[in-house]
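Structural overview
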Amino acid sequence: MDRFVKWFRNSTPYINAHRGKTFVVCFGGEAVMSADFPHLVQDLTLLASLGVRLVLVHGVTPQLAERLGKASLDLAYHGEIPVLTAAALQCVKDAVGTARLDIEAGFSCGLPQTPMDGAALRLLSGNFLIARPVGVRNGVDHQHSGEIRRLETPAIRQALHQGAVVLLSPMGYSTTGEAFFLQSEAVATQAAIQLGADKLIFLEEGTEAMAPRRPGQMDPAQAEAQLASTDFAAERRPAWAGCVQACRSGVPRAHLIPRQQEGALLLELFTRDGIGTLITAGQYDVLREATIDDIGGLLALIAPLETQGILVHRSREQLELEIGNFVVMERDQAILACAALYGFIEEDVGEIACIAVHPDYRELGLGHDLLAHLEQRAWARGLRRLFVLTTQTAHWFIEHGYRPGRIQDLPVARQGLYNYKRNSKVFIKTLEAAPAARSPTA
Ligand SMILES: CC(C)(COP(=O)(O)OP(=O)(O)OC[C@H]1O[C@@H](n2cnc3c(N)ncnc32)[C@H](O)[C@@H]1OP(=O)(O)O)[C@@H](O)C(=O)NCCC(=O)NCCS
């Protein structure tokens, strides 16, 4: 019960943050055929009922393979693009039609047996995608394989505005009335870009997607480096490349989530760390000056350390008075770390204090980044000597260039406040030059 209450409270900021936002969610035909599909429908319905504007894009790989098999047809590929004959196009139409009907059925009949009973959800699909033929490349005519020309964004926006969930299939139509087969990942990517979506989410298939993610967050350049590695699975490339392209085209966040993990979508969207891989061009962890609104988060971070005697006790009132000295590291509105710099201007000396990293985020370099940031601030304020009083963290400071000092080395005003009972050790660092900029982890 306690865990539920805690989880629910912790998810509140995300519920607020996601309301009114547009998410494009792409899943493969495997998801539609899987026994878990009702769970995915339920999670998507929950998102929609929390006010998320949803655009769903589905693939048809297994549905198409089945039909091609029955017709004894093989698709020849040139690069990633299939050569789609008229006979194969017929299989595509069958596969898309079946998948689309199965999805509509899932969203219609699943709800009465679920906790989402009564959440009337309208799924809308249509001729939202304008396509053109891939044409002849290197002498090969790709026939009915197409490329996206544009999306009918006003019509999609209108449908979303009216509370519908928009479903896009990997088929587009040319202005001459022909149908073309498209890659679902490309449809999702273009939809996210052209609609100015807040998130592009790919639900990935396969065991590779289930493997522990390392790292959980990256920028487009890092994702591109992964894509370039020779052992990167070919079937994952379109989604990863789509994320990179979307981020570079202004979509703030792109997520890759293992579809086969139960509740993956909810875990990714409603927990601080998620479970998938987040690709974002923007800054994820923010290092900034603390404000009075951070007091609650600061107290939650430092109170356990005060109890352990690692940090000196600071009351709420004292924190309010001294908040201007604090900086915090924030992720998704949660405070992961903090530190303070107190200046003794007359003596050009500064004190580093209350440096603390949440236990779940230690040894990731956040402490280092905070200290480097405060040293830069100290330098900018003309403070050329820094000291710190510590009971249990001496070696960490030594490794950052601090050397043992004496109580007499402290500014006079600080000597008077020294707590002999606490018996902290003094460490001092002289800043010889402007400290280096923060590491990119921050
Ligand atoms: C000290 C603290 C701020 C370091 O933050 P962090 O983000 O985990 O540190 P970094 O990732 O930059 O550095 C990790 C390195 O510091 C070492 N380290 C962490 N705490 C240490 C300690 N108390 N003493 C010595 N080394 C320590 C780690 O072993 C690691 O070393 P390695 O890379 O050689 O394995 C963090 O451990 C913390 O919040 N501790 C409790 C509060 C505290 O002691 N504050 C200082 C009060 S004066």
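Residues numbered from 1 in each chain as written. Predicted model: local features only at pLDDT ≥ 70, side-chain atom pairs only at ≥ 80, totals over all residues. Heavy atoms only, no water.

1. Here we look at the site of the ligand
Note the threshold: Consider each residue's heavy atoms; a residue with any of them within 4 Å of a molecule or strand counts as near. Polar contact criterion, stated in full: a pair of N or O atoms within 3.5 Å, where within protein one must be able to donate a hydrogen and the other to accept it, and residues adjacent in sequence count only if both atoms are side-chain atoms. Using a 1.4 Å probe, accessible areas were evaluated by the Shrake-Rupley method; residue-level cover was limited to the displayed protein chains. In DSSP terms, a helix is any run of H or I states spanning at least four residues, a strand is any run of E spanning at least two, and both are numbered starting from the N terminus. Lys, Arg, Asp and Glu make up the charged group, whereas Ala, Val, Leu, Ile, Met, Phe, Trp, Tyr, Cys and Pro make up the nonpolar group; the residues left over, Gly among them, are polar.
Near the ligand, the surroundings consist of 20 residues, among which Ile355, Glu363, Gly365, Gly367 and Thr393 are the closest. A distance of 2.7 Å separates an oxygen atom of the ligand from a polar atom in the backbone of Val357. Here an oxygen atom of the ligand sits 3.3 Å away from a polar atom, N or O, in the side chain of Arg362. Bound to the protein, the ligand loses 72% of the 900 Å² it would expose on its own. For the shell around the ligand, the secondary structure elements donating two or more residues are strand E20 (349-357), helix H14 (366-380), strand E21 (385-390) and helix H15 (394-399). Of the residues that constitute the shell around the ligand, the class distribution is eleven nonpolar, seven polar and two charged.

2. Points about the nonpolar core
Note the threshold: To qualify as a nonpolar core, a set must consist of buried Ala, Val, Leu, Ile, Met, Phe, Trp, Tyr and Cys residues joined through side-chain atoms within 4.5 Å. Think of it in three bands: residues with accessible area under 20% of the maximum for their type are buried, residues over 50% are exposed, and the middle band is partly exposed, with areas taken using a 1.4 Å probe on protein chains only. By definition, residues are in contact when any of their heavy atoms lie within 4.5 Å.
The biggest cluster of nonpolar side chains holds 39 residues, and the ones touching the most others in it are Val24, Ile156, Leu168, Leu200 and Ile279. Sort the elements by how many residues they give to this core and helix H10 (residues 237-248) lands first, with six residues. For Ile156, the contacting residues outside a window of four places in its chain are Val55, Phe128, Leu151, Val166, Leu168 and Leu195. Formed by 29 residues, the second largest nonpolar core is a distinct cluster that contains Phe23, Val25, Leu54 and Leu123.

3. Description of the domain arrangement of the protein chain
Threshold: Marked domain ranges trace back to an automatic or database domain assignment. Note on definitions: salt bridges are taken to be side-chain nitrogens of Lys or Arg within 4 Å of carboxyl oxygens of Asp or Glu.
When cut into domains, the protein chain gives domain 1 (2-280) and domain 2 (285-430). Put simply, the middle of domain 1 and the middle of domain 2, counted by C-alpha atoms, are 46 Å apart. Summed over the shared surface of domain 1 and domain 2, the result is zero salt bridges. At the boundary of domain 1 and domain 2, one finds zero residue pairs in polar contact (both at pLDDT 80 or more). Looking at the side of domain 1 that touches domain 2 residue by residue, the classes come out as two nonpolar, no polar and three charged.

4. So, H10
One turn of an α-helix holds 3.6 residues; hence residues three or four places apart share an orientation. For clarity, the threshold we go by: Helix span is expected to be 1.5 Å times the residue number reduced by one.
Given a rise of 1.5 Å per residue, twelve residues ought to cover 16 Å, and the 16 Å separating the end C-alpha atoms of H10 matches this to within 8%. Burial in H10 covers these residues: Pro238, Ala239, Trp240, Gly242, Cys243, Val244, Ala246 and Cys247. Looking at the packing, one finds that the buried side of H10 touches helix H7 (184-195), strand E13 (199-204), strand E14 (217-218), helix H9 (220-228), strand E15 (253-258) and strand E16 (277-280). Looking one or two residues past H10, Gly250 carries a phi angle of roughly 105°, positive in sign.

5. Overview of the sheet that holds strand E19 (residues 334-344)
Worth spelling out the cut-off: A pair of strands counts as paired when DSSP detects no fewer than two bridges linking them. In this analysis, axes come from line fits to C-alpha atoms, helices being fitted only over the stretch in contact, and the angle between any two N-to-C directions falls in the range 0 to 180 degrees.
If you trace the seven strands from one edge of the open sheet to the other, you get E17-E18-E19-E20-E21-E23-E22, paired in mixed fashion. Lying at the two open borders of the sheet, with one neighbouring strand each, are strand E17 (285-289) and strand E22 (403-405). Strand-to-strand twist across the sheet, computed as the mean angle between neighbouring axes with direction ignored, equals 30°. Taken together, the seven bridges between E19 and E20 define a ladder with antiparallel strand orientation. By the bridge assignment for E20, Tyr342 is matched with Glu351. Against the sheet, helix H12 (residues 295-307) engages strand E18 (326-331), E19 and E20, with an angle of about 80° to E19.

6. Some details on the packing of H7 against H10
Our working definition: In this scheme, roughly parallel covers angles under 35 degrees and roughly antiparallel covers those over 145, while 65 to 115 is roughly perpendicular and the rest are oblique. Should the near helix be turned anticlockwise from the far one by less than a right angle, the crossing is left-handed, and should it be turned clockwise, the crossing is right-handed.
Between H7 and H10, the shortest axis-to-axis distance is 9 Å and the interhelical angle comes to 15°. Classified by the angle between their axes, H7 and H10 sit roughly parallel to one another. Pair H7 / H10 crosses with right-handed handedness. Contacts from Glu185, Thr189, Gln190 and Ile193 of H7 reach H10 at Pro238, Ala239, Gly242, Gln245 and Ala246. Looking at the contact of H7 with H10, its residues break down into four nonpolar, four polar and one charged.

7. What to know about the packing of aromatic side chains
Note the following rule: Stacked, edge-to-face and tilted labels apply to pairs of Phe, Tyr and Trp rings (six-membered ring for Trp) whose centres lie within 6.5 Å, assigned for plane angles under 30 degrees, over 60, and everything in between, in that order.
Going through the model one piece at a time under the given rule, you end up with six aromatic pairs. Both rings, one in Phe27 and one in Phe37, keep their centres 6.2 Å apart while their planes meet at 55°; by these two values the pair is tilted. Note that Phe27 is positioned in strand E1 (residues 22-27) and Phe37 in helix H3 (residues 37-49), a separation of ten residues in sequence. Residues Phe27 and Phe37 agree in their burial class; the two are buried.

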